[in-house]
Amino acid sequence: MRRYLAVGLDSYLCLLAVGLLVRSCLNSGGTGHAVALLVVQLVTLSFANQVLLTMAVRASAGKLIMGVRVIRLPDAGRPGFRLLVRRWLYGLLWLPSRPWHLLRGPAAADAPDRAPGRRAETSEDLAGVRQVRRSDLRSYRAAMRGRTD
């Protein structure tokens, strides 16, 4: 539930930023120019929140508020730039089209391009990263330190 609330907070913060950015875009001259400027600003803001902030503190703004952290699989380490960019692009490009694939039918939704026998990525395992509660991450690290001592 925390993850969904974190996504909701990220969406709310994005809408708040859009509200603040719209005013600066309206005076830029022409509707097309204003829309293009707004899209560029939103993509930049999304990248900063989902990639750069996550790289720095292991969480986007909404995840920080909800106490959720993003870890690299399988070692629970800090995710790298490439993994975070893949995850951001996945969320930006593929997830919005998911309802369309579901409406087309179960065969189209469950048959992504992958080799036979290969495990499908789930929403828990996007681009080799996972979202976990901060307290669970601390407990895991303490248990791993206890094993190595």
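Refer to the structure above for everything that follows.
Nothing here was measured: the structure is a model prediction, and the numbers come from that model.

Scoring rules and cut-offs
Residues numbered from 1 in each chain as written. Predicted model: local features only at pLDDT ≥ 70, side-chain atom pairs only at ≥ 80, totals over all residues. Heavy atoms only, no water. Helix = DSSP H or I, 4+ residues; strand = E, 2+ residues; numbered from the N terminus. Buried < 20%, exposed > 50% of the residue type's maximum accessible area, 1.4 Å probe, protein only. Contact = heavy atoms within 4.5 Å. Areas by Shrake-Rupley, 256 points an atom, 1.4 Å probe, with all protein chains shown as cover. Core = buried A, V, L, I, M, F, W, Y, C linked by side-chain atoms within 4.5 Å. Expected span 1.5 Å × (residues − 1). Arc of directions from axis to C-beta. Phe/Tyr/Trp six-rings, centres within 6.5 Å; stacked < 30°, edge-to-face > 60°. Lys NZ or Arg CZ within 6 Å of the ring centre and 35° of its normal. Salt bridge = Lys/Arg side-chain N within 4 Å of Asp/Glu carboxyl O.

(A) Region of the structure containing the overall build of the protein chain. Check the secondary structure of the protein chain and you find seven helices and two strands. Reading the protein chain from its N end, one meets helices and strands in the order α-α-α-β-α-α-α-β-α. Classification of the 149 residues of the protein chain by burial places 26% in the buried group. Long-range contacts, defined as pairs at least 24 residues apart, comprise 62% of the intrachain contacts of the protein chain with a sequence gap of at least 6. Only carbon and sulfur atoms are counted for the fraction: they give 64% of the accessible area of the protein chain, which is about 10000 Å².

(B) Inspection of the nonpolar core at higher detail. Listed in full, the six residues of the largest apolar core are V51, V70, L84, V85, W88 and V129. No other element matches the three residues that helix α4 (residues 81–94) contributes to this core. When sequence neighbours within four positions are dropped, the list of residues in contact with V85 reads F47 and V51.

(C) Main features of α4. In this model, α4 (14 residues) spans 19 Å end to end at C-alpha, consistent with the 20 Å of a helix rising 1.5 Å per residue. Residues of α4 that are buried: L84, V85, R87 and W88. An end-on view of α4 places all buried positions within 160° of arc, on one side of the element. Opposite the buried face of α4, by more than 90 degrees, sit the exposed residues R82 and L93. The secondary structure elements touched by the buried residues of α4 are α2 (31–57), α3 (61–66), β1 (68–72) and β2 (129–133).

(D) Region of the structure containing the packing of aromatic side chains. Within the structure shown, the criterion is met by two aromatic pairs. With a centroid separation of 6.2 Å and an interplanar angle of 75°, the aromatic rings of F47 and F81 are classed as edge-to-face. With a gap of 34 residues between them, F47 in helix α2 and F81 in helix α4 connect regions that are remote in the sequence. For F47, a relative accessible area of 22% translates into the label partly exposed. A residue is classified by how much of its surface remains accessible, and F81, at 43% relative accessible area, is partly exposed. An angle of 80° between the planes, with centres 5.1 Å apart, marks the rings of F47 and W88 as edge-to-face. In this pair, F47 is assigned in helix α2 and W88 in helix α4, connecting sequence segments 41 residues apart. One aromatic cluster in this structure is built from F47, F81 and W88. For R3, the ring lying beneath its charged end belongs to Y4, and the centroid distance is 5.9 Å.

(E) Representation of the pattern of salt bridges. Tallied over the entire structure, the rule returns three salt bridges. Ionic pairing is found between D75 and R72, a salt bridge with its closest N-O pair at 2.7 Å. Judged by relative accessible area, R72 falls into the partly exposed class, the value being 27%. Here D136 and R133 are joined by a salt bridge, their closest N and O atoms 3.3 Å apart. For D136, a relative accessible area of 40% gives the class partly exposed.

The analysis is restricted to geometry; functional conclusions fall outside its scope.
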